[in-house]
Amino acid sequence: MPPSRVVGPYARTLWDAAHAEGVPPADLVRALGQDAPGEQDVPVAAYLALLQRALAHAGPGFGWRLGQSVKPTTYGVNGILLLACPTLGEALARVLRFESLVHDLGRSSFARHGDTVEYAWRNDWAGHPAADALAESVFSGIQTCAQWLVGQPIAGFGLEFMHRRDDATAQAIAQASGARVRWGCAAHRAVFPAALLDLPIPQANKALLPLLQRHADELLQARHPRESGTVAQVRQCISGRLGQGAVKLADVARDLNLSTRTLQRRLAEAGVAYQALLDATRHELACHYLATSAMPIAEVGYLLGYQEPTAFHHAFKQWQGQGPGQYRAQARPAGAG
């Protein structure tokens, strides 16, 4: 089993927040065991040691202030994918899908109960001295993330924490969040009106996601210069939908204003099966990302529509005859970052 880790950009947010609050750089290096985080993963133990050092220096409310420091780049490529969601509810659902790609600190879940929604977070490091601030930072990050997605303040919700109330921290969180906060509860959770899930993300239809998708389209067009008609259109639709979950024939047909049956017939006339086209597109893009980028393998799989890393590994081995890690090692020159 791989060691627990936090992706570099997520750890860098903590480093920057601690530095901004005056934690001496030498203390940061000593706690983390290295200089400022880059793109490489950081062990969870080092991340928590850094958080503990920052708390000792920055005082009450630092966990919440840390969450207020998040930005799209905190989540790596996944932050770009969030910006492609049309509503806050779909963005939250995507957070659940990519959380394991960002860190091994805990896991989120959310459930709708009539007119309310409960967003819960399981802290997998509850025994650590910095565990309370870690949970606070996660919920602050979710609120901050939601606010920059929808472009407006989000308040008036309820927050519940499992740990006991610390007066100074409680006052800082209540003032900063605008939430009703309860302490010593059965779970870490936020409770808010379900109507918030329908809030639109104003920038969702602009060119935000396709920093990667545009690159993918250009790559596919370069590799298939003579492809035209339905096959080219389907390949482009597949590329545009990758990273948003399963890429179904019915969805592609709807994108092209065709019935599923008509699209199937046109592909058959071109001598191409939909599943073969989907697999070929994923295969080409997988090889490209593995060979030319430093994205973690799990993120590559996610961008290609695989919710579980094991499913991507299995598919890639079927396509290529070797696992993605072995392919990357052979495809990239020695010393490539």
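Residues numbered from 1 in each chain as written. Predicted model: local features only at pLDDT ≥ 70, side-chain atom pairs only at ≥ 80, totals over all residues. Heavy atoms only, no water.

Draft legend 1. Region of interest: the overall build of the protein chain. Of regular secondary structure, the protein chain possesses 16 helices and 7 strands. Within the protein chain, the fraction of its 337 residues that count as buried is 48%. For the protein chain, the share of sequence-separated contacts (at least 6 apart) that also reach a separation of at least 24 residues comes to 64%. Of the roughly 15,800 Å² of accessible surface on the protein chain, a fraction of 53% belongs to carbon and sulfur atoms. (Helix = DSSP H or I, 4+ residues; strand = E, 2+ residues; numbered from the N terminus. Buried < 20%, exposed > 50% of the residue type's maximum accessible area, 1.4 Å probe, protein only. Contact = heavy atoms within 4.5 Å. Areas by Shrake-Rupley, 256 points an atom, 1.4 Å probe, with all protein chains shown as cover.)

Draft legend 2. Structural view of the environment of Pro86. Counting through the fold element by element, Pro86 comes out in the loop between helix 5 (77-82) and helix 6 (88-102). In the structure, Pro86 is positioned 114 residues away from Pro200 in sequence and 5.8 Å away in space, judged by C-alpha atoms.

Draft legend 3. The arrangement of the nonpolar core in detail. The biggest cluster of nonpolar side chains holds 66 residues, and the ones touching the most others in it are Tyr47, Phe62, Leu105 and Leu159. Among the elements that line this core, the one with the most residues is helix 7 (residues 131-150), at 9 residues. Residues within four places of Phe62 in sequence aside, it is in contact with Leu14, Ala17, Ala18, Glu21, Leu51, Ala54 and Leu55. Of all hydrophobic cores here, the second largest spans 28 residues; its members include Ala253, Tyr289, Val300 and Leu304. (Core = buried A, V, L, I, M, F, W, Y, C linked by side-chain atoms within 4.5 Å.)

Draft legend 4. Structural context of the sheet that holds strand 3 (residues 106-113). A sheet is described by the order of its strands in space; here 5 strands give the open sequence 3-4-7-5-6, paired in mixed fashion. Since the sheet does not close on itself, it has two edges, and those belong to strand 3 and strand 6 (180-182), each with one partner. For this sheet, the mean inter-axis angle between neighbouring strands, taken without regard to orientation, is 15°. With 3 bridges joining them, strand 5 (residues 158-160) and strand 7 (residues 188-193) adopt antiparallel strand pairing. The residue bridging Glu160 from the neighbouring strand is Arg189, located in strand 7. Where helix 6 meets the sheet, it contacts strand 3, strand 4 (116-123) and strand 7, and its direction lies at approximately 150° from that of strand 3. Of the strands in this sheet, strand 4, strand 5 and strand 7 touch helix 7, which is tilted by about 145° from strand 4. (Pairing = 2+ DSSP bridges. Axes fitted to C-alpha atoms, helices over the stretch in contact; angles between N-to-C directions.)

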